[in-house]
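The residues making up each chain are set out below.
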Amino acid sequence: MDNKQPAYAVGDLVFAKIKNFRHWPSTITKILNVENKLPKFELLFFGDNTTSKVNSSNLFPYLDNLPTFGQPLSDNFRNKLFNKALLEADTAHKACQTPNTTLPSTEEKIAHQHGQHPMEDIFSKVKQLQNTDDLESSLTLAAEVGQTLLAENQKLRQDVLDLTFKNSQLAQLLGNLKQAEEIKFDTKKPYSTV
């Protein structure tokens, strides 16, 4: 019987099991010790942006286990954070699945060289086409508009994912700074004698 653990990489989405918590959606932020039989990973948990170090035996691939662990729970106060975490994980997964390898068209390259945004180029073409009844040109322009909007949508999705990740990093940094300040404050307290 082969008990081989799946190979994980930084950025992988997983469900992590920590004692006293349900399987929680998270992403791997760091690989800590791969040499050991049981590798350990640092995770960023969706929903509250906390981090923890977890053994690979407590990690479960996101997509494979989505039907089991990824079902939203009744929307009450107790499950609100878990449901939020599921939505964030789903957004991250969809953003990763969106192909971000579209090469700019010749028109986009020309527009970029002249400092013109592709959408501005489309608007000017639409204005020019309004004065004609050429069906072929209209259809060609409609296809071009669709492609431009899809490219813009992909760019915006990637921007949202990048900002979400930066936000979670900043939240983690802020938490670390607060902890450091609390420790610093505690060490400055004079001891009282009773």
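Look above for the structure.
Since the model is a prediction, treat every value here as computed from it, not as a measurement. Here the residue numbering is sequential within each chain, running from 1 through the sequence in written order. Reporting of local features is limited, given that this is a predicted model, to residues whose pLDDT is at least 70; pairs of side-chain atoms are given and counted only at 80 or more, and all residues count toward the totals for whole chains, interfaces and linings. As a rule here, side-chain values come from all non-hydrogen atoms in the structure, and water together with hydrogens is ignored.

Engineer: Explain the pattern of salt bridges residue by residue, including any values.
Structural biologist: The salt bridge criterion pairs a side-chain nitrogen of Lys or Arg with a carboxyl oxygen of Asp or Glu, the two atoms within 4 Å. Counted under the stated rule, the structure contains 2 salt bridges. Put simply, lysine 84 and glutamate 88 hold a salt bridge, and the shortest N to O gap is 4.0 Å. Residue lysine 84 and its partner glutamate 88 are located together in helix α2 (residues 80-97), separated by 4 residues, close to a single helical turn. Close ionic contact of aspartate 90 with lysine 94 constitutes a salt bridge, the shortest N to O distance being 3.2 Å. Placement of the pair is aspartate 90 and lysine 94 together in helix α2, with a separation of 4 residues, close to one helical turn. For the exposure calls, accessible area comes from a 1.4 Å probe over protein chains only, and a residue counts as buried if that area is under 20% of its type's maximum, exposed if over 50%, partly exposed in between. Judged by its relative accessible area of 26%, aspartate 90 is partly exposed. Helix numbering and strand numbering both begin at the N terminus, where a helix is a DSSP run of H or I of at least 4 residues and a strand a DSSP run of E of at least 2.

Engineer: I'd like to hear about the nonpolar core, residue by residue, with values.
Structural biologist: By size, the foremost hydrophobic cluster in this structure holds 22 residues, and its most contacted members are Ile28, Leu43 and Leu59. Elements represented by at least two residues in this core include exactly β1 (13-16), β2 (24-33), β3 (40-45), α1 (62-69) and α2. Working rule for contacts: check all heavy atoms of both residues, and any pair within 4.5 Å makes them a contact. Contacts of leucine 59, omitting those with residues within four sequence positions, involve Tyr8, Val14, Phe15, Ala16, Ile28, Phe41, Leu43 and Val54. Buried Ala, Val, Leu, Ile, Met, Phe, Trp, Tyr and Cys residues that are joined via side-chain atoms within 4.5 Å together make up what is termed a nonpolar core.

Engineer: Summarise the pairing of β1; cite the residues concerned and give the values.
Structural biologist: Taking every second residue as pointing to the same face, both faces of β1 are buried, with Leu13 and Phe15 on one and Val14 and Ala16 on the other. Whether two strands pair comes down to DSSP finding at least two bridges between them. Two strands pair when backbone bridges link them, and β1 and β2 are joined in this way by 4 bridges, in the antiparallel orientation. The residue bridging phenylalanine 15 from the neighbouring strand is proline 25, located in β2. Two elements, β1 and strand β5 (residues 59-61), share 3 bridges in a ladder whose sense is antiparallel. Bridging across to β5, phenylalanine 15 finds its partner in phenylalanine 60.

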